[in-house]
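Fold and geometry: a report
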Amino acid sequence: MSDVPWLLLMIVVPAIGAAVVAALPPAREALARQLTLAVSVLVLLLAVGATASFDPAGARFQHVSSVDWIPEFGVSFALGVDGIALAMLLLTGLLVPVVIGASWRDTAPANASMRAFWAWLLLLESTLVGVFAATDVFLFYVFFEAMLVPMYFLIGSFGGPARRYAAVKFFLYSLLGGLVMLAAVIGLFVVSESELGRGTFAFDALRQLDIDPGVQKLLFAGFALAFAIKSPLVPFHTWLPDAGAEAPIAGSVLLVGVLDKVGTYGFLRYCLPLFPDASRDLAPWVLTLAVAGVLYAALLAVGQTDLKRLVSYTSIAHFGFIALGIFAATTEAATGAVVYMVNHGIATGLLFLVVGMVISRTGSRRVADARGLAETAPVLAGVFLVAGLASLALPGTGSFVGEFLVLLGAFPERPVFTVVATVGIVLAALYVLLLVQRTLHGPPPDDAAPTGGGATAVAVRARVRDLTRLETAVVAPLVALVVVLGVYPQPLIDLVTPAVEATLADLGGGTR
Amino acid sequence: MPPIQAPDLSYAALAPLLFVLGAAAAGVLVEAFVPRAARHRTQVALALVGMLGALVGTVLLAGTEEVTAAGALAVDGPALFLQGTIAALGALSVLLFSERALDPAGSAFVAAAAVPAGTVRDRELATSTRVQTEVYPLASFAVGGMMLFTAANDLLVMFVALEVLSLPLYLMAGLARRRRLLSQEAAVKYFLLGAFASAFFLYGLALVYGATGSIRLADIGAVAGRTGSEPLLLLGLGLLVVGLMFKAGVAPFHTWTPDVYQGAPTAVTAFMASATKVAAFGAVLRLLYVGFGGAADTWRPLVYTLAVLSMVVGAVLGLTQTDLKRMLAYSSIAHAGFLLTGVLGVDDSGLAATMFYLLAYGLTTLGAFGLLTLVRDGDGEASALSGWAGLAQRSPVVAALMTFFLLALAGLPLTSGFTGKFAVFRATIEAGAWPLAVVALVASAVAAFFYLRVVVLMYFAEPAPGGPTVGVPGLPTAVVLAVTAAATLLLGLLPGAVLDLARSAAVLVG
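If you're wondering where the values come from, they're calculated on a predicted model, not measured in any experiment. (Residues numbered from 1 in each chain as written. Chains lettered and ligands numbered in written order. Predicted model: local features only at pLDDT ≥ 70, side-chain atom pairs only at ≥ 80, totals over all residues. Heavy atoms only, no water.)

Quick look at helix α7 (residues 180–212) of chain B
With 33 residues, α7 of chain B extends 47 Å from end C-alpha to end C-alpha; this agrees with the ideal 48 Å at 1.5 Å per step. One or two positions beyond α7 of chain B, positive phi appears at G213 of chain B, with a value near 75°. (Helix = DSSP H or I, 4+ residues; strand = E, 2+ residues; numbered from the N terminus. Expected span 1.5 Å × (residues − 1).)

Structure, rendered in structure tokens:
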């Protein structure tokens, strides 16, 4: 089993699928989406296969392969996964078929075609797998930048009214971070050249370097800026509400579900092990941003009137918790952060999907226009409630396990930050319950005074239907996972813990 | 009086140069004696034979390291690598020149460039199907001059090469069939400012000769290494650098670039933006590394400043452009800055990186300008940005190719632009100039904004009614686009072989 090149296949299969889908003639729209779904399911199966043949107690990196790519720069096409990367691959593999299902009946806007949409989606999946599977820093960087392009076109071609602005903002923020990281990547290479005699980008070689603390701080800052923008941490977050709100639902789900995780994943995989001294010294700064983000984004979420912006802000608040777990740097907290990353992908993904379904029914992104949903669409309202509760980390949902572990593990190490962050939980209850109250309950808008801009919404409202069979099939796996991972999280924790311990061992501490 | 000794010439080592200059001279004869009907075909074939022959010659000569013509010419790795690059870019440019399917009158060049713009005769010329072919020998001479420029091992030969490459370019800039006034303005502007730059160079040459007693770069290097910062020498160096930076389009000597790039026929702009840049940087490298390598501390702060200035000016002013040709001109200024960061790299890693960047940038830019020739309205090429709105719907292939070239210019991974940027910034950081690398990367991000703006327009905007149409290219342009796109992809995906080549070629003799 272990001879199968799982990771390479997971990169190559969607890339080829994207090329094939893009090359199909315009008349074959139906075939295009069937093919896209088939490819994404195949990737999911590959991810499951890779997990099944992964031994958590074995070597840190498994399914490793390495081919020289650009010998002049010491770059190799090196792939391999630890438990953390594998968890992210599973999440990616799961969410892509789900969003394909959610976009199944979408029609393309005037100046684009759905074939392009499917092709970009598959290409995005390919680059995401690459980001998580790379064990060569250069290769990681290549995928990190490459994934901007498909996402840019998904937002820009298929998004909402302000899509052009949102797409460019997304691209430029990420590119700026990426380019600063490039300077640090090259710096790392130069350091390795002077220490080892031969420059390398191999992660395993780089983490054994003994870098001067002053240089470490500079390199750390370069990487951290890119990851802080990607995650995003306050104050580098302003692109996310725009991008999250304007992207098509499939894009929004993947954006906050997986793409943003690349930032926190990067912190954990690259910042901590490569720059241990700088990570310890600068941790209070990152933690300050993280905790500030928890509170600030939660407060902003309470005040949002746009459904998708609201969900985007909740997501920023959650990323604060994840960053807290990572930089508290205890095994429990970091494990909690990874568990939270997976569950946040599922819970927020679900929330975005449901919000998308609400929007497609009311024709409006305004919270007020979705009032009284429970009356006309009870199942949809129920799923909405589940997603909301998972998002506020109610015990019994997977997010609770992550959040609890983060707080539990972080408290002994960073009591002040942890206590302040706990206030965020209260705020989370506030925005979720307010959202639920404002959307699900109350009289539907046509019984009340017309709301501004909701004229069309009122007209459409009469036709609000409950979940279709397709939509049920799309949300069912996520709802199930929310509950399963909430009640029985142990397999996930077992998968992740050894990798977290290995990561923290590089940091030279935090073995608690 | 003793008889003058004729210098020994190594004809084998000079074969590429002789080949292309021979083709140019033959082209002049063809212009005079071959009947009009057969002239275009003959000229294109001759120019291509000359340049491809030169390209083959440089490949066959690979590994040669010799100084010939009484020390005036150095045929070494960098010279041959850059000569090959120039020959290849020249051949592709000639293919662009020879395109006859796009303009309704059969050629992008005017038959009589000296007719005053706006006169009756001038209006007749715009639609006249008479095709003049002097552009091919002119291009061959320019390529010959550029190749000589990169191999010039003494300042006087460098000056002669500078003139041989510049004079044809001044003329070619004025040859546009449409928008004659802009084209003539471009030619005059380029000529006047170019003459100034030449004068600077010549004055610098005189001062350096006065300070060192020699025009040979190696001898100057020996003296510069000893005496270091003698004022006369420094002043001379400064003036020489001004002359060269003008040709390379480096800020603050860049002011001609947007006007000339915009006014010249687009195929000629493509040629200037790619091949001239390669040649100019070839000379910069040789002058600074061979002539002043021992006194690097004297020019490093100067080049550092010019690099920062060029990157910032190019990236920031590029933001405000509404014409694609002008935008690409500012992009070329920013790229000149990136190239200078490579020049600042230590020894041969900086040299190799700069050479690779030149090759990658030349091919990508040529492709981007080649695409511009396809998008046309009633008044010739539609280079106004607004005309490109919604182009993806009219011609998905052109939009996709343009996007690819622009992303390469922005330096996204998996394109040649990224490999090139990586190589030069690595050299910069190795040399300890990491703040410069950070400035360069921020400038890249700013520049990405204006590249992206074109992508946004093409893909996310509705096409304007009555906008430009996309012409179907003939075989020559199609070949150019295919070659440049393939090279841009290949140098991004699998750059190993070319990087090795540049690395092994990065040894200057002198």
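What to know about the layout of surface pockets
One number sums up the size of the largest pocket: a volume of about 1,500 Å³. Lining the largest pocket are 43 residues, with W120, L123, V149 and F153 of chain A together with A400 of chain B sitting closest to its centre. Within the residue set of the lining of the largest pocket, elements represented by two or more residues are α1 (6–23), α4 (114–133), α5 (137–146) and α6 (148–158) of chain A together with α15 (391–394), α16 (396–410) and α19 (475–493) of chain B. Residue classes in the lining of the largest pocket are distributed as 34 nonpolar, eight polar and one charged. Reported here for the second largest pocket is a volume of approximately 1,000 Å³. (1 Å grid on protein atoms, 1.4 Å probe; cavity = no way out; pocket = protein on both sides within 12 Å on 5 of 7 lines; lining within 4 Å. Points joined across faces, edges and corners; volume = space filled by probe spheres on them. Nonpolar A, V, L, I, M, F, W, Y, C, P; charged D, E, K, R; others polar.)

Remarks on the packing of aromatic side chains
All names here are of chain B. Tallying each qualifying case throughout the model produces 47 aromatic pairs over all chains. With a centroid separation of 5.5 Å and 85° between ring planes, the pair formed by F97 and F109 is classed as edge-to-face. Note that F97 is positioned in helix α3 (residues 77–97) and F109 in the loop between α3 and α4 (120–127), a separation of twelve residues in sequence. Taking the relative accessible area as the measure of exposure, F97 reaches 2% and is therefore buried. In this structure F109 comes out as buried when scored by relative accessible area, which is 3%. When the centroid spacing of 6.1 Å and the interplanar angle of 85° are considered together, the rings of Y261 and F369 count as edge-to-face. One end of the pair, Y261, is in helix α10 (residues 256–263); the other, F369, is in helix α14 (residues 347–372), with 108 residues separating them in the sequence. (Phe/Tyr/Trp six-rings, centres within 6.5 Å; stacked < 30°, edge-to-face > 60°. Buried < 20%, exposed > 50% of the residue type's maximum accessible area, 1.4 Å probe, protein only.)

Brief notes about the side chain of S364 of chain A
All names here are of chain A. Residue placement: S364 occurs in the loop between α15 (331–362) and α16 (373–376). By relative accessible area, which is 9% here, S364 ends up buried. At 3.0 Å, the side chain of S364 forms a polar contact with the backbone nitrogen of R366. Looking at S364, its side chain comes within polar contact range of the side chain of D369, at 2.6 Å. (Polar contact = N/O pair within 3.5 Å; in protein donor to acceptor, adjacent residues only side chain to side chain.)

Description of helix α2 (residues 36–61) of chain B
The end-to-end C-alpha distance of α2 of chain B is 37 Å, a good match for the 38 Å that 26 residues give at a rise of 1.5 Å each. Downstream of α2 of chain B by one or two residues, G63 of chain B has phi in the positive range, about 95°.

Remarks on a nonpolar patch on the surface
On the surface, a cluster of nonpolar side chains totalling about 400 Å² of accessible area is made up of L176 and L218 of chain A together with W434, V438 and V442 of chain B. No other element matches helix α18 (residues 434–460) of chain B, which puts three residues into the nonpolar patch. Using a relative accessible area of 45% as the deciding quantity, one classes L218 of chain A as partly exposed. (Patch = residues over 30% accessible without salt bridge, like charges linked within 9 Å, V, L, I, M, F, W, Y side chains within 5 Å. Areas by Shrake-Rupley, 256 points an atom, 1.4 Å probe, with all protein chains shown as cover. Salt bridge = Lys/Arg side-chain N within 4 Å of Asp/Glu carboxyl O.)

Here's the deal with the nonpolar core
Counting 387 residues, the largest nonpolar core has Y152 and F223 of chain A together with F97, L155 and M172 of chain B as its most contacted members. In terms of residue count, α15 of chain A provides more of this core than any other element does, 19 residues in total. Setting aside its immediate chain neighbours within four residues, Y152 of chain A contacts A167, V168, F170 and F171 of chain A together with L452, V455, V456 and F460 of chain B. By size, the runner-up hydrophobic cluster in this structure holds five residues, among which are A111, A112, V115 and L125 of chain B. (Core = buried A, V, L, I, M, F, W, Y, C linked by side-chain atoms within 4.5 Å. Contact = heavy atoms within 4.5 Å.)

Here's the deal with the pattern of salt bridges
Scanning the model with the defined rule gives 24 salt bridges over all chains in all. As a salt-bridge pair, D506 of chain A and R207 of chain A come within 2.9 Å of each other at their nearest N and O atoms. You can see D506 of chain A sitting in helix α22 (residues 490–507) and its partner R207 of chain A sitting in the loop between α8 (203–206) and α9 (213–230), a full 299 residues away along the chain. Using a relative accessible area of 19% as the deciding quantity, one classes D506 of chain A as buried. Taking the relative accessible area as the measure of exposure, R207 of chain A reaches 22% and is therefore partly exposed. The salt bridge partner of K189 of chain B is E185 of chain B, with a shortest N-O separation of 3.7 Å. Taken as a pair, K189 of chain B and E185 of chain B lie in helix α7 at a separation of four residues, close to a single helical turn. Judged by its relative accessible area of 41%, E185 of chain B is partly exposed. Three or more residues are tied together by salt bridges with common partners; here these are R60, D82, D204, R207, R269 and D506 of chain A.

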